Amino acid sequence: MTEEIPPEDHQPSEQPPAHGSMRYQDAESTTPREPTLAEQRARRKALAEEEEREATEAQAREVAERKAATRRKVMIGSGVTVGLVGVVAAWYIVGTPNQVSAVCTDANGTVQPDQYCDDSYITSQGGHYDSGSGLWILPLALGGGQYRYNYGGTGAVGTHVAGGTYTAPSGNTTVKTNAGKTVQRGGFGISGKSSTGGTGGTGGTGKSGGS
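Residues numbered from 1 in each chain as written. Predicted model: local features only at pLDDT ≥ 70, side-chain atom pairs only at ≥ 80, totals over all residues. Heavy atoms only, no water.

(A) Broad picture of the overall build of the protein chain. Each helix and strand counted, the protein chain has 2 helices and 8 strands in total. In the protein chain, the succession of helices and strands from N to C terminus is α-β-α-β-β-β-β-β-β-β. Residue burial in the protein chain is summarised as follows: out of 211 residues, 23% are buried. Sequence-distant contacts in the protein chain: of pairs separated by 6 or more residues, those separated by 24 or more amount to 53%. Surface summary for the protein chain: the accessible area is close to 15100 Å², and the carbon and sulfur share equals 56%. (Helix = DSSP H or I, 4+ residues; strand = E, 2+ residues; numbered from the N terminus. Buried < 20%, exposed > 50% of the residue type's maximum accessible area, 1.4 Å probe, protein only. Contact = heavy atoms within 4.5 Å. Areas by Shrake-Rupley, 256 points an atom, 1.4 Å probe, with all protein chains shown as cover.)

This is how it looks when you write it as structure tokens:
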């Protein structure tokens, strides 16, 4: 009788993975693969390009900031310059007095010698200034005449004054007689001896004196 030998258990041999399949790797036990030279060169090139790009952007920002600062300084400087020009111009306008000629006339507007409108002369002759009429008045012993300045008018002694006004100009206006005598010294609103008087005759008058 022949002894039957049981068939051996045949274990299937490990088959290579099929083409296109993936093999699982344990991250804790698997040794990372060293990058190839090509990968190392590509990585270094990428880092260099990134550093160059950041340096270029930083330089561009710095240039833009310098330009903006320069523009601000120019604008501020321009504003200050314009402001100073305006101040200087205003100062020049205010500080440079206008000039008007003064002609002495009597109450009828007839041109008289300048001395009859000079406060020093009138008071030395016993005359006085009448604030109601705005006229300098000589005593009757000297004819009792009444006199005042006409500003801006013209005319020879004994003729009727042409043009002008009897209203005294502002304190910024220099007033001189035709003989060159200063009746009012203008400048920064400061007048000379003149002061505003009342109203009389043909218009407002000013109390005028020489200097």
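Right, picking up where we left off after that structure.
(B) Main features of the sheet that holds strand β1 (residues 98-106). The strand order β2-β3-β4-β1-β5-β6 describes an open sheet built from 6 strands, whose pairing is mixed. Unpaired on one side and paired on the other, β2 (128-130) and β6 (182-184) mark the two borders of the sheet. Strand-to-strand, the axes of this sheet are offset by a mean angle of 35°, without reference to chain direction. Bridge analysis of β1 against strand β4 (residues 146-151) gives 5 bridges, and the strand direction is antiparallel. The partner of V103 across the bridge, within β4, is N150. (Pairing = 2+ DSSP bridges. Axes fitted to C-alpha atoms, helices over the stretch in contact; angles between N-to-C directions.)

(C) Examining the pairing of strand β5 (residues 173-177) more closely. With 4 of 5 residues buried, β5 is to be regarded as a mostly interior element. Note that β5 and β6 share 2 bridges and pair antiparallel. Note that in β6 the partner of V175 across the bridge is Q184. Between β5 and β6, which pair antiparallel in sequence order, lie 4 residues; one of them, G180, sits at a positive phi of approximately 95°.

(D) Spatial organisation of the nonpolar core. In this structure, A102, C104, Y147 and Y149 are the most contacted members of the largest nonpolar core, which totals 13 residues. Of all elements in the fold, only β1 and β4 reach the threshold of two or more residues within this core. Take this core: its biggest share by element is 3 residues, from β4. With near-sequence residues (within four places) excluded, Y147 lies in contact with C104, T105, D106, Q112, Y116, C117, L135, W136 and L138. (Core = buried A, V, L, I, M, F, W, Y, C linked by side-chain atoms within 4.5 Å.)

(E) Inspection of the packing of aromatic side chains at higher detail. For the coordinates displayed, the defined rule picks out 4 aromatic pairs. Considering the side-chain rings of Y116 and Y147, the 4.8 Å spacing of their centres and the 20° angle between planes classify their relative orientation as stacked. Of the two residues, Y116 sits in the loop between β1 and α2 (119-124) while Y147 sits in strand β4, which places them 31 residues apart along the sequence. With respect to burial, Y116 and Y147 carry one shared label: buried. Joined through ring pairs, the aromatic side chains of Y116, Y121 and Y147 make up one cluster. Note that R148 overlies the ring of Y166, its terminal NZ or CZ placed 3.8 Å from the centroid. (Phe/Tyr/Trp six-rings, centres within 6.5 Å; stacked < 30°, edge-to-face > 60°. Lys NZ or Arg CZ within 6 Å of the ring centre and 35° of its normal.)

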